[in-house]
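Understanding the architecture of this molecule
Given next are the chains, with one letter for each unit.
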Amino acid sequence: MVINENRARLHTQTITRTTEDFKLANRIATYTLFIFPTIFLASVLLQPFAEPKWMFLDTLAAAEYAPDCCHVYYGLVSNMGLLLWTGTAAVCLLMGLVVLSVDKQDPFTRFALSAGSLTAWIAIDDMFLVHEKVFPAVGVPQTLVIISYMVLAGLYVLTSWKYIFRQQWWMLALGAIALASSIFIDLVFHSLDAYLVYLEDSAKFFGIVCWSIFHFLTTFNHFHNQFTLQVNIAKTEPLDTDQ
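Structural notes, computed from the coordinates. All figures in this text were calculated on a predicted structure; none of them were measured in a lab. (Residues numbered from 1 in each chain as written. Predicted model: local features only at pLDDT ≥ 70, side-chain atom pairs only at ≥ 80, totals over all residues. Heavy atoms only, no water.)

This part is about the packing of helix α5 (residues 107–128) against helix α6 (residues 130–137). Interaxial distance between α5 and α6 falls to 7 Å at its minimum, and their mutual angle equals 80 degrees. Classified by the interaxial angle, the pair formed by α5 and α6 is roughly perpendicular. Contact residues: α5 offers Trp 121, Ile 124, Asp 125 and Phe 128, while α6 offers Val 130, His 131, Val 134 and Phe 135. Here the residues of the contact of α5 with α6 sort into 6 nonpolar, 1 polar and 1 charged. (Axes fitted to C-alpha atoms, helices over the stretch in contact; angles between N-to-C directions. Helix = DSSP H or I, 4+ residues; strand = E, 2+ residues; numbered from the N terminus. Parallel < 35°, antiparallel > 145°, perpendicular 65-115°, else oblique. Contact = heavy atoms within 4.5 Å. Nonpolar A, V, L, I, M, F, W, Y, C, P; charged D, E, K, R; others polar.)

Below, the structure is given as structure tokens:
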């Protein structure tokens, strides 16, 4: 009787602590989602040392179109986005493989591996300008490539939508809107006008931040929940032995 009461009390305390941790993690992620890109992009725009446009463009594009070549700050915003793409891909793929090795039926596995694979390909595309330079060079229109990426993103959501909608899905939706806005500006205007560059790449960077934070937060919450559960089980086992 005492054992059952202790176990129930411990379970209740664990759920309460986990819920509080989730709320804290979600609050921090939300603040970061808006504060980090705002401060970073504002710093790039307002700094007095270099032309911000060359810091927003891809490194290769800046080196090609800038009046003097080259400077280490070329492509700063683009490179920060690449770090987020690759970091997100690495976290999702690694954690997805870890869960796959333990529980193949866990819905997190499909979510993480599909998200990691898609993000890894986007990172490669962004790094080597695949949709902008490589595919058009072999006769595949850029618009067709972008449409295919949208289809892949749709398949990712379709295969994991139940799991996604149990998370902070609004972050992913906000990121999708920002990335779509960036693509729209690029396709419609395709201009090196400074203000259009700022608008396009700011939307793109904000979209990447939303995408990354959503997947980081979802991964953290999943593993925090699993770890807390295992700790709870470990704490109850000595009680069973004492019985």
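Turning to helix α7 (residues 142–164), a few remarks are in order. Where α7 bends most, at Leu 158, the angle is about 45 degrees. Inspection of α7 places Gln 142, Val 145, Ile 146, Tyr 149, Tyr 156, Ser 160, Tyr 163 and Ile 164 among the buried residues, and these make up the whole buried set. (Bend = angle between axes of the 7 residues up to and from the residue. Buried < 20%, exposed > 50% of the residue type's maximum accessible area, 1.4 Å probe, protein only.)

Moving on to a nonpolar patch on the surface. On the surface, Ile 147, Val 151, Leu 152, Leu 155, Val 157, Leu 158, Trp 161, Phe 165 and Trp 169 cluster together into a nonpolar patch covering about 860 Å² of accessible area. Of all the elements, α7 adds the most residues to the nonpolar patch, at 7 residues. Exposure remark for Leu 152: the relative accessible area of 40% places this residue in the partly exposed category. (Patch = residues over 30% accessible without salt bridge, like charges linked within 9 Å, V, L, I, M, F, W, Y side chains within 5 Å. Areas by Shrake-Rupley, 256 points an atom, 1.4 Å probe, with all protein chains shown as cover. Salt bridge = Lys/Arg side-chain N within 4 Å of Asp/Glu carboxyl O.)

The next thing to look at is the state of the cysteines. Scanning the entire structure with this criterion turns up 1 disulfide. Disulfide pairing places Cys 69 opposite Cys 70 at an S-S distance of 1.5 Å. For Cys 69, a relative accessible area of 53% gives the class exposed. (Disulfide = S-S within 2.5 Å.)

Relative to the elements of secondary structure, Thr 109 occurs in helix α5. The class for Thr 109 is buried, based on a relative accessible area of 5%. Thr 109 sits 51 residues away from Ser 160 along the chain, and the two C-alpha atoms are 9.8 Å apart. Ignoring sequence-local partners within four residues, the contact set of Thr 109 consists of Gly 96, Val 99, Leu 100 and Asp 103.

Attention shifts here to the packing of aromatic side chains. Under the definition given, this model contains 17 aromatic pairs. Residues Tyr 73 and Tyr 74 carry aromatic rings whose centres are separated by 5.4 Å and whose planes lie at 80 degrees to one another, so their mutual orientation is edge-to-face. When its relative accessible area of 25% is taken as the criterion, Tyr 73 is described as partly exposed. Each ring, one from Phe 108 and one from Tyr 163, has its centre 6.1 Å from the other, and the planes form 65 degrees; the classification is edge-to-face. One end of the pair, Phe 108, is in helix α5; the other, Tyr 163, is in helix α7, and 55 residues separate them in sequence. With respect to burial, Phe 108 and Tyr 163 carry one shared label: buried. (Phe/Tyr/Trp six-rings, centres within 6.5 Å; stacked < 30°, edge-to-face > 60°.)

Before going further, it helps to spend a moment on the side chain of Asn 26. Relative to the helices and strands, Asn 26 resides in helix α1 (residues 2–46). A relative accessible area of 18% means that Asn 26 is categorised as buried.

In this section: the nonpolar core. Phe 111 and Tyr 156 are the most contacted members of the largest nonpolar core, which has 46 residues in total. Those elements that provide at least two residues to this core are α1, α2 (52–56), α3 (59–65), α4 (76–102), α5, α7, α8 (169–188) and α9 (194–242). With 11 residues, the top contributor of residues to this core is α9. With near-sequence residues (within four places) excluded, Phe 111 lies in contact with Tyr 156, Ser 160, Tyr 163, Ile 164, Phe 214, His 215 and Thr 218. (Core = buried A, V, L, I, M, F, W, Y, C linked by side-chain atoms within 4.5 Å.)

Secondary-structure assignment places Gln 47 in the loop between α1 and α2. We classify Gln 47 as buried; its relative accessible area is 16%. A distance of 2.8 Å separates a polar side-chain atom of Gln 47 from the backbone nitrogen of Phe 49. If we skip the residues at most four places from it in the chain, Gln 47 touches Pro 52 and Met 55. (Polar contact = N/O pair within 3.5 Å; in protein donor to acceptor, adjacent residues only side chain to side chain.)

Attention now moves to the pattern of salt bridges. Inspection of every chain in the model, using the stated rule, returns 1 salt bridge. Here Lys 204 and Asp 126 are joined by a salt bridge, their closest N and O atoms 2.8 Å apart. Note that Lys 204 is positioned in helix α9 and Asp 126 in helix α5, a separation of 78 residues in sequence. Of the two residues examined, Lys 204 and Asp 126, each falls in the buried class.

Looking along the chain, the bond that leaves Cys 69 and enters Cys 70 is cis, with omega of 5 degrees. Within the secondary structure, Cys 70 sits in the loop between α3 and α4. Backbone geometry places Leu 129, a non-glycine residue, at a positive phi of 55 degrees. Position of Leu 129 among the secondary structure elements: in the loop between α5 and α6. Note on Leu 129: relative accessible area 7%, which makes it buried. One non-glycine residue, His 190, adopts positive backbone phi at about 40 degrees. Structurally, His 190 is set in the loop between α8 and α9.

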